[in-house]
Amino acid sequence: MTSADRPTGPPRPALLTALLIVLALVAGPLWLAAPAAAVTGAGLGTGHLWRGDGVSYLGTYRLDDGRQAFCLEAGKSSPVGNHYDTETGTEVVGVSTADHARLAYIARTWGDTTDADTAAAGQLAVWTITGLNGHTQRYYAGRANERWPIVLDRSNEMLAEATAAASTSVTASTSVELRDDGTGTLRSDLTVDRVGGGPELLTPQHDGTVALTGGAFADGSTTAVVQNGVDLDFRATGDLAQVEVSADTRFDGLPYGRIVTAGTSPAGSQRILFSGGTSVEASGAASAEALSPLPFRPRVETRTSDVVAEPGTTVTDQLTVDVLPGEGLLSEWGRHDVAGTWQPVPVTVRSRLLGPFREPVARADDWPSDAPVVCDVSVVVDEGPGTYTTPGCELPSGGWFTWVETIDPSDTPVDAGRDRVQGWRSPFGTASETTFVPWAPEVSTTVVGADQVEPGACVSDELTVSEWNGQASEARVDTVLVGPFPEALAAGHDLGPIAEIDEALLAGRASTTVSGDGTYESPCLPVEREGHYVFLFTSEGSVPDDDGVQVVPAFADTTVHLAESFSVVAPEVPVETPAPAAAPAGLAFTGSDGSLQAGAAALGVTLAGAVMLVTSLVLHVRRRRRGHGDIAEELLVTGAP
C-alpha cells in the first residue's frame, strides 16, 4: 500500500498510551458521578475496528436500551460507558434545517443496519454533515481497513440519497365527497416537503386509520384502515334532513421530517445520534354536508276553531304540522335546494269538513264513503313544521261536523323534493276536530177538529215532531192561541214575537212535553168570543247538559198557517113565520065572489095581533119584577082570546 492509500486512524502513539486512553474512557464512570440519564453507551455496535491500532473505530455504538447511535462530533471521546440525556426535536443538533433533515434521513434509513460497511458509511456521512474535525472523508474511511473504498463510496451515495429524499416535514390531508343519494367517498393524502425538490404528493404506500362521524363503511363500522391516495367508500347515517359526515385520518410512524433524537453526556464525550430517527404522525380531517336522501312523513294534528257553534258560523281548522318518526325516515322535516340554500320541502294539506251528522261522530281509521261534504280547502305548508290555519267553511245547519285531512306527495313539485315526501291521512271523528251545532226539531201543527166551532168549544192543537236531537231527553212546547180577529189572517203573515203580541189577543196557552219524533196533542183551550183564531207555538229548548250545551235550542213559530187557524161562530136562530088561517070549508062550494074570504082573512090578522100584544105585556111585567128584585111566581100566559 502506498502512503496515500495507507489506512489512517488516530496518530500512532505508543501502544501503552493508547491503552491508557481506552482505560480512561472505560473506567471514567467509576470515579465520576453520573447524572440521571436516559441511556448508557454499552459498547461498539456494527462497523469496522481499525487494525492499525485496534482502537480506532468507524460505525455505530450500542446502547443499553438496544438501540444504536452514530457519533455526531468527530474527534471527541467514545460514548462507551457514558450516560446520556436525550433530546428530541427539529433543531437539536445545531446544523441547518436541510442538514437536520439529512441527518434524520440517515438515522432512520441506516441507523439500525447490521452490515459493517453500511454502518461505517453511515457514520462517515454523519461526520461529513456535522464536521470532520479538520480531516478528510478518506482519513476516517481508512478505519474500515481494506473496505475503505467501499465505505467511502457508499457514504457519498448515502449523502446524495439523503439530499434528494430527506424531508423537512410531512402533512396529511383528507377529503370527503358526499353525494345526493347518501353515499360518499373519502381520500387521505400525504405530502412530503423534500429538501431537494419541495412538496411531493406520495403515491399509495402508507396505511393509516380513519374514523367517521355521521357515516359508516360497507361493513357497518365507523373505523377502517385507509391507504394514502386510495379512495374509500362509505354511506351517510343518521336521520336528520341535513347530514354531515366527518372523517379523521391518522398516519403513525411515518419516516419523514427532520425530527431526530440526540444524546448528550455529562462526561463530555461526543454527542450521539440515535438510530431510526423519530417517526412522525400526520393527521387530516374533513367533513361534507348534503341533504339526506331519506324520506319523511308529515303528520298533522288539528283543532277546530269552534267546539259548539250556530248555523251560519264560519269555522276554521288549526293545523299543527310536524313529522312522524319511523324506521328509515327522517326525524325532522325534509329540505330541498333552492338556489344554493336549503329550504323546507313544501307539502299541501287538504282539509275537508264533513257533516252534518245527526248522531255524535265516533273515531275511526276510515272515513265514511257517503259522508256529506260541507267544503274542501287547502293549505300549503312551505315553512316546515309549525302552526297553520285553513280557510273558513260556513256551517249550513245543525248537527255534528268533523274535519279530515290528507297530504298527497303529488302536490309537491318534483324539483322541490316530491320523492322524499310520504303521504298521510288523518283518522275520522277526532274529538278536537269536531264541531257541534245544536238544532231545533221540525214541528208542524194542525187544529184538532173542525175549522169552525161555536162559542164555548174547547180546541186543541196537534204537534207533529221530526228531526229530534236524540241527545236531549225532552223539551216543553207552549201552544199559544191568539185571537179573536175580526177577519181571517192571511197564510204566511208573521205575528212577531209572542211576548210582543197584545195581551187582549192572547186567548190561551197550553204546554206539551215532547221527547222525540212523533205526534203530540196539546191540552185544549176554551174559546168564547166569536172571531178568527190561530195557534202559535214557542219553546225554550232542552235543559243544558253538564257542559252547559243546550242541544235543543229555543225555537218558535209565529207565522200564520191555515192548518193552525179556525173560527168561532155563533149558531143561527131560525125565525118562525105564522101559518095563514084556514077558510071555512063550505065556502068553496058556495059560489061566492070572494068577499067572505077577504073578510075572514082580515079577522085572522086582527086576532093574531091581539095575541102578540098580550104576550108582550106579560114579558114586560116579568122584566119589571126581576129588575126590582121581587121573588114571585111568574105569570103563565097560556093563550090569548
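Cut-off values and rules
Residues numbered from 1 in each chain as written. Predicted model: local features only at pLDDT ≥ 70, side-chain atom pairs only at ≥ 80, totals over all residues. Heavy atoms only, no water. Axes fitted to C-alpha atoms, helices over the stretch in contact; angles between N-to-C directions. Helix = DSSP H or I, 4+ residues; strand = E, 2+ residues; numbered from the N terminus. Parallel < 35°, antiparallel > 145°, perpendicular 65-115°, else oblique. Left-handed = near helix turned anticlockwise from the far one by under 90°. Contact = heavy atoms within 4.5 Å. Nonpolar A, V, L, I, M, F, W, Y, C, P; charged D, E, K, R; others polar. Buried < 20%, exposed > 50% of the residue type's maximum accessible area, 1.4 Å probe, protein only. Pairing = 2+ DSSP bridges. Phe/Tyr/Trp six-rings, centres within 6.5 Å; stacked < 30°, edge-to-face > 60°. Lys NZ or Arg CZ within 6 Å of the ring centre and 35° of its normal. Core = buried A, V, L, I, M, F, W, Y, C linked by side-chain atoms within 4.5 Å. Salt bridge = Lys/Arg side-chain N within 4 Å of Asp/Glu carboxyl O. Polar contact = N/O pair within 3.5 Å; in protein donor to acceptor, adjacent residues only side chain to side chain.

Chemist: Just to check I follow, could you spell out the packing of helix H3 (residues 116–130) against helix H5 (residues 148–165) for this structure?
Modeler: For the pair H3 and H5, the least separation of the axes is 8 Å and the interaxial angle reads 55°. With respect to their mutual orientation, H3 and H5 come out oblique. Judged by the twist between their axes, the crossing of H3 over H5 is right-handed. Residue-level contacts link Asp117, Thr118, Ala120, Ala121, Gly122, Leu124, Ala125, Thr128 and Ile129 of H3 to Ile150, Val151, Leu152, Arg154, Ser155, Met158 and Leu159 of H5. Looking at side-chain class alone, the contact of H3 with H5 contains 10 nonpolar, 4 polar and 2 charged residues.

Chemist: Whenever I open this one, the pairing of strand E13 (residues 260–264) confuses me. Can you help?
Modeler: The side chains of a regular strand alternate between the sheet's two faces. Most of E13 sits out of view: 4 of its 5 residues are buried. Here strand E4 (residues 83–89) runs beside E13; their pairing, made up of 5 bridges, is antiparallel. Its bridge partner lying in E13, Thr86 is registered against Gly263.

Chemist: Help me understand the environment of Pro484 in this model?
Modeler: For Pro484, the location among the structural elements is in strand E32 (residues 475–485). The buried category is assigned to Pro484, whose relative accessible area is 16%. Along the chain, Pro484 and Phe566 lie 82 residues apart, while their C-alpha atoms are 9.9 Å from each other. Leaving out residues up to four positions away in the same chain, Pro484 has contacts with Leu505, Arg529, Glu530, Gly531, His532 and Tyr533.

Chemist: What's the story with the packing of aromatic side chains in this structure? I'm lost.
Modeler: Think of a pair of aromatic rings as described by two things: how far the centres are apart, and how the planes are tilted against each other in angle. Across all of its chains, the model carries 12 aromatic pairs by this definition. On the numbers, 5.8 Å between centres and 85° between planes, the contact of Trp400 with Trp439 is edge-to-face. Note that Trp400 is positioned in strand E25 (residues 399–407) and Trp439 in the loop between strand E27 (434–437) and strand E28 (442–447), a separation of 39 residues in sequence. Neither residue differs from the other here; Trp400 and Trp439 are each classed as buried. Among the aromatic side chains, those forming a connected cluster through ring pairs are Trp127, Tyr139 and Tyr140. Here Arg138 stacks its cationic end above the ring of Trp148, 3.6 Å away from the centre of that ring. Looking at Arg358, its charged tip hangs above the ring of Trp439, at a distance of 4.3 Å from the centre.

Chemist: So what exactly am I meant to see when it comes to the environment of Arg143 here?
Modeler: Here Arg143 lies in the loop between helix H4 (137–141) and H5. Separated by 84 residues in sequence, Arg143 and Gly59 place their C-alpha atoms 9.4 Å apart.

Chemist: Looking at this model, I keep getting lost on the sheet that holds strand E8 (residues 207–213). Mind explaining?
Modeler: Remark on secondary structure: sheet strands pair via backbone hydrogen bonds, oriented parallel or antiparallel. One open sheet holds the 4 strands; their spatial order is E10-E8-E12-E15, and the pairing between them is antiparallel. Looking along the sheet, the strands with just one partner apiece sit at the ends: strand E10 (223–227) and strand E15 (280–291). Averaged over all pairs of adjacent strands, the angle between strand axes in this sheet comes to 25°, irrespective of strand direction. Across 11 bridges, the pairing between strand E12 (residues 242–254) and E15 is antiparallel. Bridged to Arg250 within E15 is Ser283.

Chemist: How should the nonpolar core be read in this particular structure?
Modeler: The tendency in soluble globular proteins is for nonpolar side chains to be buried as a group. In this structure, Ile106, Val126, Trp127, Tyr140 and Leu273 are the most contacted members of the largest nonpolar core, which totals 39 residues. Among the secondary structure elements, those contributing two or more residues to this core are strand E2 (57–63), strand E3 (68–71), helix H2 (97–110), H3, H4, H5 and E13. When neighbours within four sequence positions are excluded, Ile106 is seen to be in contact with Phe70, Gly111, Gly122, Ala125, Val126, Ile129, Leu159 and Ala162. Of all hydrophobic cores here, the second largest spans 24 residues; its members include Phe436, Leu463, Val477 and Val549.

Chemist: Help me out: how do you make sense of the pattern of salt bridges in this one?
Modeler: Side-chain pairs of opposite charge can arise where the charged atoms are in close proximity. Counted by the stated rule, this structure contains 19 salt bridges. The salt bridge partner of Arg250 is Glu281, with a shortest N-O separation of 2.2 Å. Of this pair, Arg250 sits in strand E12 while Glu281 sits in strand E15; the two residues are 31 residues apart in sequence, bridging distant segments of the chain. For Arg250, a relative accessible area of 37% puts it in the partly exposed group. Owing to a relative accessible area of 44%, Glu281 belongs among the partly exposed residues under this scheme. Notably, a salt bridge pairs Asp478 with Arg476, separated by 3.4 Å at the nearest N-O pair. Linked through salt bridges whose partners overlap, the residues forming this network are Arg187, Asp189 and Asp231.

Chemist: Just checking my understanding: could you explain the side chain of Thr174 for this structure?
Modeler: Relative to the helices and strands, Thr174 is located in strand E5 (residues 167–178). Residue Thr174 is classed as buried on the basis of its relative accessible area, which comes to 12%. One polar contact links the side chain of Thr174 to the main-chain carbonyl oxygen of Gly284, over a distance of 3.3 Å. Residues within four places of Thr174 in sequence aside, it is in contact with Arg187, Ser188, Ala247, Thr249, Gly284, Ala285 and Ala286.

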